[in-house]
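Chain by chain, the residues:
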Amino acid sequence: MNVAKILETKGNNTVTIAITALVSDAIELLNDKNIGAVVVVDDKGRAAGILSERDIVRRLRSFAGQLMSQSVSTIMTRDPVTCHREDTVDEVMEMMTSRHFRHMPVVEDGQLVGVISIGDVVKTKIAVTEHEAAALREYIAS
Amino acid sequence: MSIANILGTKGQEVVTIPASAPVAEAVELLANRNYGAIVVLDTEDTVAGILSERDIVQSLAKRGGDMLCEPVSAIMTADPLTCTRDGSVIDLVQMMMGWNIRHLPVVENHTLFGLVSMGDLVKSIIDRGDFDAPIPVRAAMCDADSAGGTSQ
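What counts, and at which threshold
- Residues numbered from 1 in each chain as written.
- Chains lettered and ligands numbered in written order.
- Predicted model: local features only at pLDDT ≥ 70, side-chain atom pairs only at ≥ 80, totals over all residues.
- Helix = DSSP H or I, 4+ residues; strand = E, 2+ residues; numbered from the N terminus.
- Buried ≥ 20, exposed ≤ 12 C-beta atoms within 10 Å, placed from the backbone.
- Pairing = 2+ DSSP bridges.
- Contact = placed C-beta atoms within 7 Å.
- Axes fitted to C-alpha atoms, helices over the stretch in contact; angles between N-to-C directions.
- Nonpolar A, V, L, I, M, F, W, Y, C, P; charged D, E, K, R; others polar.
- Arc of directions from axis to C-beta.

1. Here we look at the overall build of chain B
Right, on to step 1. If you tally the helices and strands in chain B, you get seven helices and six strands.
Right, on to step 2. Reading the helices (α) and strands (β) of chain B from amino to carboxyl end gives α-β-α-β-β-α-α-β-α-β-β-α-α.
Right, on to step 3. Expressed as a percentage of the 152 residues in chain B, the buried residues total 36%.

2. Quick notes on the sheet that holds strand 1 (residues 16–18) of chain B
Residue and element names in this part refer to chain B.
Right, on to step 1. As summarised here, the arrangement of the four strands in space is 1-2-3-4, forming an open sheet in which the pairing is mixed. Looking at strand neighbours, the two that pair on one side only are strand 1 and strand 4 (77–78), the edges of this open sheet.
Right, on to step 2. As paired strands, strand 3 (residues 47–52) and strand 4 are joined by two bridges and run antiparallel to one another. Within strand 4, the position partnered with Ile50 by the bridge is Thr77.
Right, on to step 3. Those strands touched by helix 3 (residues 53–63) are strand 2 (37–41), strand 3 and strand 4, and its axis lies near 70° from that of strand 3.

3. Description of the pairing of strand 5 (residues 103–108) of chain A
Residue and element names in this part refer to chain A.
Right, on to step 1. Where strand 5 and strand 6 (residues 111–117) come together, six bridges link them in antiparallel fashion. Opposite Met104, over in strand 6, you have Ile116 as the bridge partner.
Right, on to step 2. Between strand 5 and strand 6, which pair antiparallel and follow one another directly, the connecting turn spans two residues, one of which, Asp109, has a positive phi of 50°.

4. Re the interface of chain B and chain A
Right, on to step 1. Facing the 29 residues of chain B at the interface are 31 residues of chain A.
Right, on to step 2. Within the residue set of the side of chain B that touches chain A, elements represented by two or more residues are helix 2 (23–33), helix 3, helix 5 (89–99), helix 6 (118–128) and helix 7 (135–146) of chain B.
Right, on to step 3. The element best represented in the side of chain B that touches chain A is helix 3 of chain B, accounting for seven residues.
Right, on to step 4. Residues of the side of chain B that touches chain A, tallied by class, amount to 20 nonpolar, five polar and four charged.

5. Examining helix 2 of chain B
Right, on to step 1. Of the positions making up helix 2 of chain B, those classed as buried are Val23, Ala26, Val27 and Leu30 of chain B. Around the axis of helix 2 of chain B, the buried residues are gathered within 100° of arc, so they sit on the same side. Turned more than 90 degrees off the buried face of helix 2 of chain B, the exposed positions are Asn32 and Arg33 of chain B.
Right, on to step 2. If you follow the buried residues of helix 2 of chain B, they end up packed against helix 3 (53–59) of chain A together with strand 1, strand 2, strand 3, helix 3 and helix 4 (72–75) of chain B.
Right, on to step 3. Downstream of helix 2 of chain B by a residue or two, Asn34 of chain B has a phi angle that is positive, lying close to 60°.

As structure tokens, then:
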């Protein structure tokens, strides 16, 4: 089971925001879609960064009332760790857990092709495990 | 593997905030401790709610920066789902996925024992390789036995 399979299951509806957008736009987007992070893309469609709930909450104090009018590029996490379609579910789950992030852009030839969350990864892992258990159950019963 | 083991590994310290405290104070705590959520206590020190990064961002979207001066109780998730120390990790992961939540206060008889996150649970599963020896498989083997399999 690999990242390509996860993208296939969840659909390729990657939520992105332009690097020139404001933090207030990003907050609205996260709220509308009920998601925890959005990939920030430059004018060539490359993943320039990722902006998460955590990035926003962490900056709320230091920017006081000015946070909403900042550019997303000011507070995003630059050059995020990315993964590829052929990476396995185990590899990305291990990576996300040990490095404490919840979202990873999926990149192919420098272009963004999707984003996966720890939720997507765990859901897939559970589904695979249950499928294998069902197969084993069938084998034992036969 | 149970929730008690995970609390044992990550330490028993639970960061809480009173329901009457301003949101700004909660934001400060989350930032300083690098936590994704904090348990909210009422005046009797029982769990009134949970305040997550998601609650804060959604409230920012709806009310703007003024919400920082409001009490935590105005934007928290009240009466959150909780678990107990003998809860099964795999079952709770599935419950959290189903409800789309990432944190569970550990509560027994109105006493708060800790807070576990999806990250804590997934980490314990990876560390112990529990995904590779899933409970359903063992259940399947028992079923096969009781369904008239040989004693071997």
